[in-house]
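Chain residues, written in single-letter form:
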Amino acid sequence: MSPAVKYTLGRLVLFLACFGAAWFIPGVDLFIKLGIAVLASFALSWFLLRGLRDEMTAQVEEAFERRKADKERLRAALAGEDVPAEATDLDEPAAEVSKTKA
């Protein structure tokens, strides 16, 4: 399961637990209970879900770096420069484009 899905589910479960606890506060409006649950779950998730948040951040950074490298390889191929040796299979169409320009 994706780290983003795990983190989202963790936040949802934490919110529901806080709302369930706030439900039993007598004499308080429902919207105030919701607000208390939102604030409490935010504060608790900052500490309790740190590991899941770090996993999600690492996944996002990895995807960003991969897309950045793909973008650089595509720009190099479109400019007619040689594609680096560590190019992946995604660069095969770019190599064909550079062959047709020559």
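See above for the structure.
This text gives an overview of the structure that appears in the document. For clarity, every value in this text was computed on a predicted model and none was experimentally measured. (Residues numbered from 1 in each chain as written. Predicted model: local features only at pLDDT ≥ 70, side-chain atom pairs only at ≥ 80, totals over all residues. Heavy atoms only, no water.)

### Side note on the pattern of salt bridges
Opposite charge on two side chains makes pairing possible when the charged atoms of those side chains draw close. Counting across every chain of the model gives three salt bridges. The residue Glu62 makes a salt bridge to Arg66 at a minimum N-O spacing of 3.6 Å. Pair noted here: Glu62 and Arg66 are both in helix 3 (residues 50–78), with a separation of four residues, about one helical turn. The exposure class of Glu62 is exposed, given its relative accessible area of 52%. Here Arg73 makes a salt bridge to Asp70, at a shortest N to O gap of 2.3 Å. Of this pair, Arg73 and Asp70 are both found in helix 3, three residues apart, which corresponds to roughly one turn of the helix. Note on Arg73: relative accessible area 11%, which makes it buried. The exposure class assigned to Asp70 is partly exposed, which follows from its relative accessible area of 24%. (Salt bridge = Lys/Arg side-chain N within 4 Å of Asp/Glu carboxyl O. Helix = DSSP H or I, 4+ residues; strand = E, 2+ residues; numbered from the N terminus. Buried < 20%, exposed > 50% of the residue type's maximum accessible area, 1.4 Å probe, protein only.)

### Some thoughts on the packing of helix 1 (residues 3–23) against helix 2 (residues 30–48)
Interaxial distance between helix 1 and helix 2 falls to 8 Å at its minimum, and their mutual angle equals 135 degrees. With respect to helix 2, the axis of helix 1 lies oblique. Every pair of crossing elements has a handedness; the one defined by helix 1 and helix 2 is right-handed. Where helix 1 abuts helix 2, its residues Arg11, Leu14, Phe15, Cys18, Phe19, Ala22 and Trp23 lie against Leu30, Lys33, Leu34, Ile36, Ala37, Val38, Ala40, Ser41, Phe42, Leu44, Ser45 and Leu48. A class-by-class count of the residues in the contact of helix 1 with helix 2 yields 15 nonpolar, two polar and two charged. (Axes fitted to C-alpha atoms, helices over the stretch in contact; angles between N-to-C directions. Parallel < 35°, antiparallel > 145°, perpendicular 65-115°, else oblique. Left-handed = near helix turned anticlockwise from the far one by under 90°. Contact = heavy atoms within 4.5 Å. Nonpolar A, V, L, I, M, F, W, Y, C, P; charged D, E, K, R; others polar.)

### Focus: a nonpolar patch on the surface
Judged by side-chain polarity, Met1, Val5, Leu9, Leu12 and Leu16 come together as a nonpolar surface patch covering roughly 500 Å² of accessible area. Relative to the helices and strands, Met1 is located in the segment before helix 1. Met1 gets classed as exposed once you look at its relative accessible area, which sits at 70%. (Patch = residues over 30% accessible without salt bridge, like charges linked within 9 Å, V, L, I, M, F, W, Y side chains within 5 Å. Areas by Shrake-Rupley, 256 points an atom, 1.4 Å probe, with all protein chains shown as cover.)

### Description of the environment of Ala22
Along the chain, Ala22 falls in helix 1. According to the relative accessible area criterion, Ala22 is buried, its value standing at 3%. Linking Ala22 and Ile32, residues 10 residues apart in sequence, is a C-alpha distance of 9.2 Å. Those residues in contact with Ala22 that sit more than four places away from it in its chain are Lys33 and Ile36.

### Observations concerning the packing of aromatic side chains
One pass over the full model with this rule turns up two aromatic pairs. Relative to Phe19, the ring of Phe15 has its centre 6.2 Å away and its plane inclined at 15 degrees; by these criteria the two rings are stacked. Here Phe19 and Phe15 lie together in helix 1, a separation of four residues that amounts to about one turn. Members of the aromatic cluster, each reached through a chain of ring pairs, are Phe15, Phe19 and Trp23. Across from the ring centre of Trp23, 5.2 Å away, lies the NZ or CZ of Lys33, which sits over that ring. Stacked on the ring of Trp46, the Lys or Arg Arg53 has its end atom at 4.5 Å from the ring centre. (Phe/Tyr/Trp six-rings, centres within 6.5 Å; stacked < 30°, edge-to-face > 60°. Lys NZ or Arg CZ within 6 Å of the ring centre and 35° of its normal.)

Coordinates in, geometry out; function isn't part of it.
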